[in-house]
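Chains, contacts and geometry: an overview
Listed below are the residues making up each chain.
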Amino acid sequence: MAISVNIEKELLDKHRRFQLKVEFSTTDDFLVLFGHSGAGKSLTLQSIAGLITPDTGHIIVNDRILLDTETHINVPVSQRKIGYLPQHYALFPHLSVLENISFSLTKWWWKSSHNQQRIRDIMELFEIDKLANSLPRDLSGGQQQRVALARALVCQPDLLLLDEPFAALNPLLRSKMRAELLQIQSRFQLPVVIITHDQADVEAFGNTVVILKNGEAQQTYDFKALPQESRTGILNNL
């Protein structure tokens, strides 16, 4: 993966003014945005996905310009080829597992044998094929996450964005799902940007780690290259 982000965005409401100012780049397969709640992590992810339009700057993924405010380039969400997993998965409560996964494909998905096979394959891969007719309310937290990941990956995106993917899971399940995510990334050869405030996530996925604080990217680290004591110090001093 090659990703370059340099964006600014001012957000105003009745109570405060928030200035997002983020710059980073990497060629690693895993990039972690780390910081406390309110640091600007989700806004950064939403900007990459195209859900928020920065005031100025650029976003480039694998030499493809998704945003460049100087040349007025702003690729629509549907054309960015990005899989996005919100923090609480955003499954449609009235749709079955099968319908949730197929929703991200064209509305004529059922008429395409290729799409049908792709859906079947990914449901088997995530071991949710026997849950095809279940509603989200009938699923465990881990099953809901698998459905959301399958929905994000079925369109074969160029980049996967994960917003606090393990926050809603109990500690034992978090460890299991971290291992599964590493396997998924290896299988799909898909670059991942993950945001978290959990140090265990940073240790598991942190090739490149960007530290965010008060809307700004404070520092970018080649995390795996650092000795353990330095890693711990960086995270504890945030």
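Scroll up to find the structure.
Here we summarise the structure given alongside this text. (Residues numbered from 1 in each chain as written. Predicted model: local features only at pLDDT ≥ 70, side-chain atom pairs only at ≥ 80, totals over all residues. Heavy atoms only, no water.)

1. Things to note about a negative patch on the surface
Negative charge collects at one region of the surface, where Asp121, Glu124, Glu127 and Asp129 lie side by side. Within the element layout of this structure, Asp129 appears in the loop between helix H3 (113–125) and helix H4 (141–153). The class of Asp129 is partly exposed, set by a relative accessible area of 34%. (Patch = residues over 30% accessible without salt bridge, like charges linked within 9 Å, V, L, I, M, F, W, Y side chains within 5 Å. Areas by Shrake-Rupley, 256 points an atom, 1.4 Å probe, with all protein chains shown as cover. Salt bridge = Lys/Arg side-chain N within 4 Å of Asp/Glu carboxyl O. Lys, Arg positive; Asp, Glu negative; His and termini not counted. Charge placed at Lys NZ, Arg CZ, Asp CG, Glu CD. Helix = DSSP H or I, 4+ residues; strand = E, 2+ residues; numbered from the N terminus. Buried < 20%, exposed > 50% of the residue type's maximum accessible area, 1.4 Å probe, protein only.)

2. Describing helix H1 (residues 41–49)
Among the nine residues in H1, seven count as buried, and that is most of the element. For H1, the set of buried residues is Lys41, Leu43, Thr44, Leu45, Ser47, Ile48 and Ala49. Note on H1: the residue one or two positions beyond its end, Gly50, has a positive phi of about 95 degrees.

3. As for the environment of Lys41
By secondary structure assignment, the location of Lys41 is in helix H1. Overall, the relative accessible area of 6% leaves Lys41 in the buried class. For the pair formed by Lys41 and Gly83, sequence separation is 42 residues and the distance between their alpha carbons is 17 Å. For Lys41, the contacting residues outside a window of four places in its chain are Leu33, Phe34, Gly35, His36, Glu164, Ile195, Thr196, His197 and Leu212. In this structure the side chain of Lys41 is engaged in a polar contact, spanning 3.0 Å, whose partner is the backbone oxygen of His36. (Contact = heavy atoms within 4.5 Å. Polar contact = N/O pair within 3.5 Å; in protein donor to acceptor, adjacent residues only side chain to side chain.)

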